[in-house]
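Coordinate inspection notes
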Amino acid sequence: MGTNGSTMLKPLRQGLPPLDPAAVSDAASCALPARYEAVREARRFTRDTLDQWDVGDRFDDICLVVSELVTNALRHALPTDQGRMDERGTSVRLHLMRWTERLVCAVRDPSHETPVPRDSDDFSAESGRGLFLVDSFADSWGWHPLAGTLDGKVVWAMFRLRSAG
């Protein structure tokens, strides 16, 4: 059976990536303010963290994907009217986690909307392209709604790393 191009973009709504959180070697996270300068802050945080973790040839891919995930999150997190802004205005959070041969970046945002890549040939379209980039550069990605008292969702992307051996 042939598959068309759009099937690979269906995100895995399976919760977290298939990795044991107890086996994580390194983890880092930062809260991001709900303003567009946060993308620059996220990139700087990611660069500094990856420098310490020695992720080799995936460095640029990971930085690009983090930028896209944070941009998408901010697009949903930025209040359209000031009335909606509450004291939890920094509800976008970036998490980086490294295992021996995998790295996951996850971005939390307050929106309940399913992340959907736009099927669009219109390259001037502002939104939707980011997920195509995520899909191209990451080895897998997905999302899950937050449980309990936390509002919103987490979108994650996973990268395979070469083993140091």
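Before any of the text, the structure's been laid out above.
This is a predicted model, so every value here is computed, not measured. (Residues numbered from 1 in each chain as written. Predicted model: local features only at pLDDT ≥ 70, side-chain atom pairs only at ≥ 80, totals over all residues. Heavy atoms only, no water.)

1. Quick look at the side chain of Thr 46
What counts, and what does not: A run of H or I in DSSP counts as a helix once it spans at least four residues, and a run of E counts as a strand once it spans at least two, with each numbered from the N terminus. Polar contacts, as used here, are pairs of N or O atoms within 3.5 Å; protein pairs need one atom able to donate a hydrogen and one able to accept it. Residues neighboring in sequence count only if both atoms are side-chain atoms. The contact criterion used is simple: two residues touch if any of their non-hydrogen atoms lie within 4.5 Å.
The residue Thr 46 is located in helix α1 (residues 38–53) in this model. At 2.7 Å, the side chain of Thr 46 forms a polar contact with the backbone oxygen of Ala 42. Not counting the four nearest positions on each side in its chain, Thr 46 is found in contact with Ile 62, Cys 63, Val 66, Leu 94 and Leu 96.

2. Remarks on the sheet that holds strand β1 (residues 26–32)
Here is the rule we go by: Pairing between strands requires that DSSP locate at least two bridges from one strand to the other. Under this scheme, a helix contributes an axis fitted over its contacting stretch, all axes are lines through C-alpha atoms, and angles between N-to-C directions fall in the 0 to 180 degree range.
Pairing within the open sheet is antiparallel, and its five strands lie in the order β1-β2-β3-β5-β4. Whereas interior strands pair on both sides, the edge strands pair on one side only; in this sheet they are β1 and β4 (140–145). With direction set aside, neighbouring strand axes in the sheet form an average angle of 15 degrees. Sheet strands in contact with α1 are β1, β2 (92–98) and β3 (102–109), and its direction is about 165 degrees off that of β1.

3. Examining the pairing of β2
Every regular strand shows the same layout, with side chains that alternate between the two sheet faces. Threshold: Here's how the labels work: a residue is buried when its accessible area is under 20% of the maximum for its type, exposed when over 50%, partly exposed in between, all with a 1.4 Å probe on protein chains only.
Burial of β2 is one-sided: the residues Val 92, Leu 94, Leu 96 and Arg 98 facing one way are buried, the residues Arg 93, His 95 and Met 97 facing the other way are not. In terms of strand pairing, β1 meets β2 through seven bridges, oriented antiparallel. Along β2, the bridge assignment pairs Asp 26 with Arg 98. As judged from the six bridges shared by β2 and β3, these two strands associate in the antiparallel manner.

4. What about helix α2 (residues 59–77)?
For clarity, the threshold we go by: One less than the residue count of a helix, multiplied by 1.5 Å, gives the span that helix is expected to have.
Under the 1.5 Å per step criterion, the end-to-end length of α2 is 26 Å for 19 residues, consistent within 8% with the ideal 27 Å. Burial within α2 is extensive, with 14 of its 19 residues counted as buried.

5. Some details on the packing of α2 against helix α3 (residues 129–137)
Which entries qualify depends on this criterion: By the definition adopted for this analysis, an angle is roughly parallel if under 35 degrees, roughly antiparallel if over 145, roughly perpendicular if from 65 to 115, and oblique otherwise. By definition, any crossing whose near helix is turned counterclockwise from its far helix by less than a right angle is left-handed, and any crossing with a clockwise turn is right-handed. Under the scheme applied, nonpolar residues are Ala, Val, Leu, Ile, Met, Phe, Trp, Tyr, Cys and Pro; charged residues are Asp, Glu, Lys and Arg; polar residues are all the others, including Gly.
Relative orientation of the contacting elements α2 and α3 amounts to 150 degrees, with a least axis distance of 9 Å. On the basis of the axis angle, α2 is roughly antiparallel to α3. The way α2 lies across α3 gives a crossing that is left-handed. The residues of α3 that touch α2, namely those facing Asp 61, Leu 64, Val 65, Glu 68, Leu 69 and Asn 72, are Gly 130, Leu 131, Leu 133, Val 134 and Phe 137. Of the residues contributing to the contact of α2 with α3, the split by class is seven nonpolar, two polar and two charged.

6. Considering the pattern of salt bridges
Quick reminder of the rule: What makes a salt bridge here is a side-chain nitrogen of Lys or Arg within 4 Å of a carboxyl oxygen of Asp or Glu, nothing more.
Scanning the model with the defined rule gives eight salt bridges in all. The partner of Asp 26 in a salt bridge is Arg 98, and the shortest N-O contact between them spans 2.4 Å. In this pair, Asp 26 sits in strand β1 while Arg 98 sits in strand β2, placing the two residues 72 residues apart along the sequence. Its relative accessible area of 19% is what places Arg 98 among the buried residues.

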